[in-house]
Structure formats: C-alpha cells, structure tokens
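# Breakdown of the fold
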Amino acid sequence: QVQLVESGGGLVQPGGSLRLSCAASGPTFSTFSSYVMSWYRQAPGKERELVAAITSTGGRVNYADSVKGRFTISRDNAKNTVYLQMNSLKPEDTAIYYCKAQRGIVDYWGQGTQVTVSS
C-alpha cells in the first residue's frame, strides 16, 4: 500500500507564506525518485487543478500561471518527500492541496491538506 501524507497547511494572512510537505511511503514505493510528483488544489465549488509539477530528478518544473513567481516546488529523493513553498499568498489560493505521485499510467494521491488565506 502506497501512502502519501501531506502536511503544513493552515490559516495564514494574505501576503504570508506556508510550506507544504508530502511524504511518500509503502512497501511498493521503493523508488520515489522514479515518480513525477505534483501538487494539485481544489477550492470549494471548483474543479481540482494542477498547481505545480516536478520531474523525477527535479530537473524540470512547471507551474500554473496563477502561482508562477510565488510558489516553488522541490523534492528530496533521499527523504521521499516533495515540497511546495508558497509565498505572497492570496485569498484565492484557499483550497485543499493534494499531492500526487505518477509513474506511467499509475498514480497515487494523498488525502490533502487545507490551506486558508484570510485576514
């Protein structure tokens, strides 16, 4: 069983920062470095959307236009963990943030962590 556990969410004021983490584990998840890792988010009443993704070696990243210049995705393959540093947060960033691991047609999702940006 593969587990992806997100952490680091919470309530933050506009302009603030949060760092999300997603730790992967499980007996069939022995090669974290072979997975493309992504962060998605879903706001109330909206569809889930891709926020950021990073290739298996970390050599290439891409971001949604709405977060470019504010969010940074990174990974530590030695710790089986992917991160999302979120700066200059806006109320519209409020959502549940999900981590996804993908290799070929197989993907795994975490349970999500709530991020609320409000004064």
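Heads up: the structure comes first, above all this text.
Every value quoted in this text rests on a predicted model; they were computed, and no experiment measured them.

### Quick look at the environment of V82
Topologically, V82 is positioned in strand 8 (residues 81–86). It is 8.3 Å that separates the C-alpha atoms of V82 and S38, two residues lying 44 residues apart in sequence. Apart from the residues lying within four places of it in its own chain, the contact partners of V82 are L20, S21, C22, F32, M37, W39, I54, I73, S74, R75 and C99.

### What to know about unusual backbone geometry
Phi at N80 takes a positive value of approximately 50°, unusual for a residue other than glycine. Take N80: it is sitting in the loop between strand 7 (71–76) and strand 8. A positive phi angle, near 50°, is found at S88, a position not held by glycine. Take S88: it is sitting in the loop between strand 8 and strand 9 (95–103). Look at S88 and you get partly exposed, because its relative accessible area is 40%.

### Topic: the sheet that holds strand 7
Reading across the sheet, the four strands line up as 1-3-8-7 and stay open at both edges, with antiparallel pairing between neighbours. The sheet is open, and its two edges are formed by strand 1 (3–7) and strand 7, each paired on a single side. The average angle at which neighbouring strand axes cross in this sheet is 15°, direction not considered.

About the criteria used
Residues numbered from 1 in each chain as written. Predicted model: local features only at pLDDT ≥ 70, side-chain atom pairs only at ≥ 80, totals over all residues. Heavy atoms only, no water. Helix = DSSP H or I, 4+ residues; strand = E, 2+ residues; numbered from the N terminus. Contact = heavy atoms within 4.5 Å. Buried < 20%, exposed > 50% of the residue type's maximum accessible area, 1.4 Å probe, protein only. Pairing = 2+ DSSP bridges. Axes fitted to C-alpha atoms, helices over the stretch in contact; angles between N-to-C directions.

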